[in-house]
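In case you want the letters, here they are:
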Amino acid sequence: MTEMAESAVLERMLTEADPARTPRDSKPDAAALMTRDRIIRKASGPRRRSPIAVRWATGLAGAAAAAALAVAVLVPHGGAVAGTPRPLDFADAGSVADILEAAHTDLSVAAGPAEPIRSVRSATWAFHFDGDTADSVVVPELTTVSWEPDLSGRLTIVAGEAYDPADAAANAGAEVTSTGVVTTDLLIKAGEFGTPVVDLPGDSRDEILAALTAFGLPEEPTAYDVVSSATAILEQWTLTNAQEQQLLAILSEAKGAQPLGAGTDRLGRAVSGLRVLSPDDAAADVLLISEDTGRIVGIERTSLVDEGVISAGSIISYRMWDVDEGLVE
């Protein structure tokens, strides 16, 4: 899939949508609340992403027994509902240094935003499970969050075409198709968008390190820590290429990343993968870096332990960022 086609896939999900289908004063559903809570940081300080991915599944197990719940979790292998997406395939691993050096070079020549932007568009897959009927579907979703210096903003979620989890393998690399339905259109009042960094600084190493620290980076970070803080920033900001270069340079200095090599993500984009483990070895995150632009374009999380509803080896979340010219205009 070409970069133009990739942009068109995500662009169509918004342009086909009719916001009038969802009243502005309607209450957000469970998926919207989870997305909001992940994106909007508490005013008391930065909230680190939990290192234990399976905690998401624990919440699913309790709440789904009472009512249908939409969460950013995909069906586990061997569970009551089969058909988790296959892990991405990678080849020719090379080294971490090789991958990051290539990304640095690509970022130097690729087009990108001239300034950091307080707006992010991302695609996810959500698993919807009804605890009463045991019915379940997988729903692709496009989330757009935009915010202002006064900490007002807007969160919009557009639903994609749902499919049976049993068909997840067949749909793992399929184009995201919009239903034209806005499931959430949430206005955020001034002062309510929580972020540790209202104004991003320049693109020097010290400035980007300070931003990462504000988003929870410890003094002696592992590669997992850098990836966690970097992706937290990317949920609120679309960065310049120079700023992403600094993110990757800081990642190169940390220990714990494993090179996976070249692959293709679920929008058909050529990517390189780096794998990092959570401190307790309960989960692994795969950071996806575009082989065309050098930008961070996705992250996939896999559970490494069996937690009942989530089996070891299950993909439990997938998020993709698209930052080409069609997005940042």
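For the structure itself, consult the block above.
Figured I'd write up the structure that's included with this text. Each chain has its residues counted from 1, running along the sequence as written. Only residues with pLDDT of at least 70 get local features here, since the model is predicted, and only at 80 or more are side-chain atom pairs given and counted; chain-wide, interface and lining totals rely on the full set of residues. Where side-chain values are given, they derive from all heavy atoms of the structure, hydrogens and water being excluded.

1. Some remarks on the packing of helix H6 (residues 205–214) against helix H8 (residues 241–253)
Angular values range over 0 to 180 degrees, each being the angle between N-to-C directions of two axes fitted as lines to C-alpha atoms, with helices fitted over their stretch in contact. A run of H or I in DSSP counts as a helix once it spans at least four residues, and a run of E counts as a strand once it spans at least two, with each numbered from the N terminus. Relative orientation of the contacting elements H6 and H8 amounts to 75 degrees, with a least axis distance of 9 Å. When the axes of H6 and H8 are compared, the pair comes out roughly perpendicular. Only Gln243, Gln246, Leu247, Ile250 and Glu253 of H8 make contact with H6, whose side of the interface consists of Arg205, Ile208, Leu209 and Leu212. Here the residues of the contact of H6 with H8 are counted per class, giving five nonpolar, two polar and two charged. For classification, angles of less than 35 degrees are called roughly parallel, those exceeding 145 degrees roughly antiparallel, those between 65 and 115 degrees roughly perpendicular, and all remaining angles oblique. Any pair of residues with heavy atoms lying within 4.5 Å of one another is described as a contacting pair. Residues are grouped as follows: Ala, Val, Leu, Ile, Met, Phe, Trp, Tyr, Cys and Pro are nonpolar; Asp, Glu, Lys and Arg are charged; all remaining types, including Gly, are polar.

2. A closer look at H8
Its 13 residues place the ends of H8 19 Å apart at the C-alpha level, agreeing with the 18 Å of an ideal helix rising 1.5 Å per residue. Under the scheme applied here, a residue whose accessible area is under 20% of the maximum for its type counts as buried, over 50% as exposed, and between as partly exposed, the area being computed with a 1.4 Å probe on protein chains only. Of all the positions in H8, only Asn241, Gln243, Glu244, Gln245, Gln246, Leu247, Leu248, Ile250 and Leu251 are classed as buried. Considering only its buried residues, H8 is in contact with helix H4 (96–109), H6, helix H7 (223–234), strand S8 (270–277), strand S9 (283–290) and strand S10 (296–303). What a helix is expected to span follows from its residue count: subtract one and scale by 1.5 Å.

3. Here we look at the pattern of salt bridges
What counts as a salt bridge is simple: a side-chain nitrogen of Lys or Arg found within 4 Å of a carboxyl oxygen of Asp or Glu. Applying the stated criterion across every chain yields a total of seven salt bridges. Residues Arg295 and Glu244 are paired through a salt bridge, measuring 3.3 Å at the closest nitrogen-oxygen approach. Residue Arg295 is found in the loop between S9 and S10, and its partner Glu244 is found in helix H8; the two are separated by 51 residues along the sequence. With relative accessibility at 1%, the residue Arg295 sits in the buried group.

4. Considerations on the environment of Thr238
Structurally, Thr238 is set in the loop between H7 and H8. It is 6.6 Å that separates the C-alpha atoms of Thr238 and Arg118, two residues lying 120 residues apart in sequence. Of note is the side chain of Thr238, whose polar atom sits 2.6 Å from the backbone oxygen of Ser119. Any pair of N or O atoms that falls within 3.5 Å is considered a polar contact. Within protein, one atom must be able to donate a hydrogen and the other to accept it, and sequence-neighbouring residues count only if both atoms are side-chain atoms.

5. Topic: the side chain of Ser278
Its location among the elements puts Ser278 in the loop between S8 and S9. Among the polar contacts made by the side chain of Ser278, one reaches the main-chain amide nitrogen of Ala282 at a distance of 3.1 Å.

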